[in-house]
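Observations on the model geometry
Listed here are the chains, written in short residue letters.
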Amino acid sequence: MELARMQHFEDLAHEYGAPLYIYDSSIIQKQYTRLFKAFSSVKDVKLNYACKANTNINVIKFIRKLGSGLDAVSIQEIEIGLKAGFSPQEIIFTPSGVNFNEIREATKLGVKIHIDNFPFLRKFAQEFKNYPIGIRINPHIKAGGNENISTGHVNSKFGISIEQVQDIIKLTQEVSLHIEGFHIHTGSDILDIDVFLQGAKVLFAIADKFPNLTYLDFGSGFKVPYKPDDKQTNIEKLGEKLSDLFNQFIEKYGKPLRLIFEPGKFLVSQCGFFVAEVNVVKDTPYRSFAFINSGFNHLIRPMFYHAYHNITNISNPAGKEQIYDVVGYICETDTFASNRKISEIRMGDLLCLENAGAYCFSMSSNYNSRLLPAEVLLLNGKAHLIRRRENLEDLLSTTIDISI
Ligand SMILES: *Cc1c(COP(=O)(O)O)cnc(C)c1O
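Predicted, not measured: the structure shown is a model, and the values here were computed from it.

1. Digging into the environment of lysine 129
The topology assignment puts lysine 129 in the loop between helix H6 (118-127) and strand S6 (133-138). A C-alpha to C-alpha distance of 7.6 Å links lysine 129 and histidine 178, two positions 49 residues apart in sequence. Setting aside its immediate chain neighbours within four residues, lysine 129 contacts Phe124, Ser176 and His178.

Now the structure itself:
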């Protein structure tokens, strides 16, 4: 991290308090442009931002202005998307195991809907005859950073099995279903380009059997670098290869098709920085623990996924490097990093965790009755507070005191 950035973040933490989430919109823009450009040889490409990665409405509005659509996984995300200015047709609802009422609600709002099980397909055909839908397929491809984020394998709960495509065809002969697209999402943190190409071939084989489609949705799963020397999905190469395959396919298909991706992490992971203050440094005969004023209540990825987040001591970048365990203040084991080389940490120093834009704030909680941190967006070089820090009143606002 550059010194100027460290200084800037220290200033922001002094102004808005720590812990603090900071998002740099220029990084989102760079990522969006990079992905879009990689597929420039395809005539109709749409990126639908998977907003569960970061649902701050300002982040969503910024990405909308770049030309993106939205991928939502709950009725609440749809509602936030509509508030952010998306038209219903720009929003794809890709739920997993939600109550059918939520799908009903989504049809009233007029958004695109992906369905991933037969009972709902039947119910949908009964109730909403002519409402176009997409179908989520489980391609039975094992891919992704770890078990929790691998979603397209044989035993995954997601999608209709590729082995049941014949049953979909059969169903379309029995009931009135207007299928306009197919969707796969194999997982997160996929490095291997061949996995995406394999997925594409699965979609093409299915699409071949359905002559009236308007789009194919390849989901997401692009890996971004977390460690300094980490590998990442080679987007340019993927763009080249997949675009070729796609263009060949639509020629054979005989009708124009839209190519859709739903990036979450790729767009917003690297834009985010989480700045927390060191409460105390505790040396034992075996280890050196730096306790920060946060825990898995604010950023759970290291504990939940064993994710690596780069950590810089922005208050003492020139300090001598030492080995630390960076841990939280929650009354459970909440280790952000262990055996990590960081410039000497002193009480009151500010540590900055990188890659904090995706699945960080959006997965936060009030565990230990801790308050959610503030969020700041850097836009055209200027810092804007986009979420104020929570207070005790917020925390208690939904409980009802029955005067016991
Ligand atoms: C979570 C999710 C995504 C985004 O995945 P990333 O790895 O963050 O890019 C895309 N599509 C669907 C259906 C999802 O559930």
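What follows picks up the thread again.
2. A closer look at unusual backbone geometry
That bond from alanine 18 to proline 19 is cis: its omega, 0 degrees, falls within 30 degrees of zero. Note on placement: proline 19 falls in the loop between helix H1 (3-16) and strand S1 (20-24). Its identity is not glycine, yet histidine 140 carries a phi of approximately 55 degrees, on the positive side. In this structure, histidine 140 sits in the loop between S6 and strand S7 (160-161). In the Ramachandran plot, serine 403 falls in the positive-phi region, its phi being about 55 degrees despite a non-glycine side chain. Positionally, serine 403 belongs in the segment after helix H12 (392-396). A relative accessible area of 64% places serine 403 in the exposed class.

3. Regarding the UniProt feature "binding site: substrate" (unreviewed entry) in the protein chain
According to UniProt, the feature "binding site: substrate" (unreviewed entry) maps to Arg301, Tyr305, Glu332 and Tyr359 in the numbering used here. Inspection of the secondary structure puts tyrosine 305 in helix H11 (residues 301-305). On the basis of relative accessible area, tyrosine 305 is assigned to the buried category, the value being 16%. By secondary structure assignment, the location of tyrosine 359 is in the loop between strand S16 (350-353) and strand S17 (374-379). When near neighbours in sequence (up to four residues on either side) are disregarded, tyrosine 359 contacts Lys52, Ala53, Lys265 and Arg301.

4. Topic: the nonpolar core
Note on soluble globular proteins: their nonpolar side chains tend to be buried together. Of all hydrophobic cores here, the largest spans 128 residues; its most connected members are Tyr49, Phe182, Leu216, Phe218 and Val268. Among the elements that line this core, the one with the most residues is helix H8 (residues 193-207), at ten residues. If you count residues domain by domain, this core takes at least three from each of domain 1 (3-17 + 272-356 + 358-396) and domain 2 (26-264). In contact with phenylalanine 182, not counting residues within four places along its chain, are Ile135, Ile137, Ile168, Leu203, Ile206, Phe210, Leu213, Tyr215, Leu216 and Asp217.

5. Here we look at the UniProt feature "binding site: pyridoxal 5'-phosphate" (unreviewed entry) in the protein chain
Annotation from UniProt places "binding site: pyridoxal 5'-phosphate" (unreviewed entry) at Gly221 and Tyr359. Maximum C-alpha separation among the annotated residues is 13.3 Å over a sequence range of 139 residues, consistent with a single clustered spot. Along the chain, glycine 221 falls in the loop between strand S9 (215-217) and helix H9 (235-253). A relative accessible area of 13% means that tyrosine 359 is categorised as buried.

6. Some details on the pairing of strand S12 (residues 288-292)
Each regular strand shows side chains that alternate between the opposite faces of the sheet. Burial of the side chains of S12 is restricted to one face: Ser288, Ala290 and Ile292 are buried, whereas none of Phe289 and Phe291 on the reverse face is. As judged from the five bridges shared by strand S11 (residues 272-283) and S12, these two strands associate in the antiparallel manner. Bridging across to S12, valine 280 finds its partner in phenylalanine 291. For S12 and strand S14 (residues 321-327), the ladder comprises three bridges, and the chain directions are parallel. Within the sheet, the bridge partner assigned to phenylalanine 289 lies in S14 and is aspartate 325.

7. Details of the pattern of salt bridges
Using the criterion set out here, one finds 13 salt bridges in the structure. Where lysine 223 meets aspartate 230, a salt bridge forms, and the shortest distance between an N and an O atom there is 3.8 Å. Given a relative accessible area of 25%, aspartate 230 falls into the partly exposed group. Shared partners join several salt bridges into a network, and the residues in it are Glu2, Arg5 and Asp24.

Reading guide: rules and limits
- Residues numbered from 1 in each chain as written.
- Predicted model: local features only at pLDDT ≥ 70, side-chain atom pairs only at ≥ 80, totals over all residues.
- Heavy atoms only, no water.
- Helix = DSSP H or I, 4+ residues; strand = E, 2+ residues; numbered from the N terminus.
- Contact = heavy atoms within 4.5 Å.
- Buried < 20%, exposed > 50% of the residue type's maximum accessible area, 1.4 Å probe, protein only.
- UniProt positions renumbered as here; feature names shortened; annotations may be inferred.
- Core = buried A, V, L, I, M, F, W, Y, C linked by side-chain atoms within 4.5 Å.
- Domains from an automatic or database assignment.
- Pairing = 2+ DSSP bridges.
- Salt bridge = Lys/Arg side-chain N within 4 Å of Asp/Glu carboxyl O.

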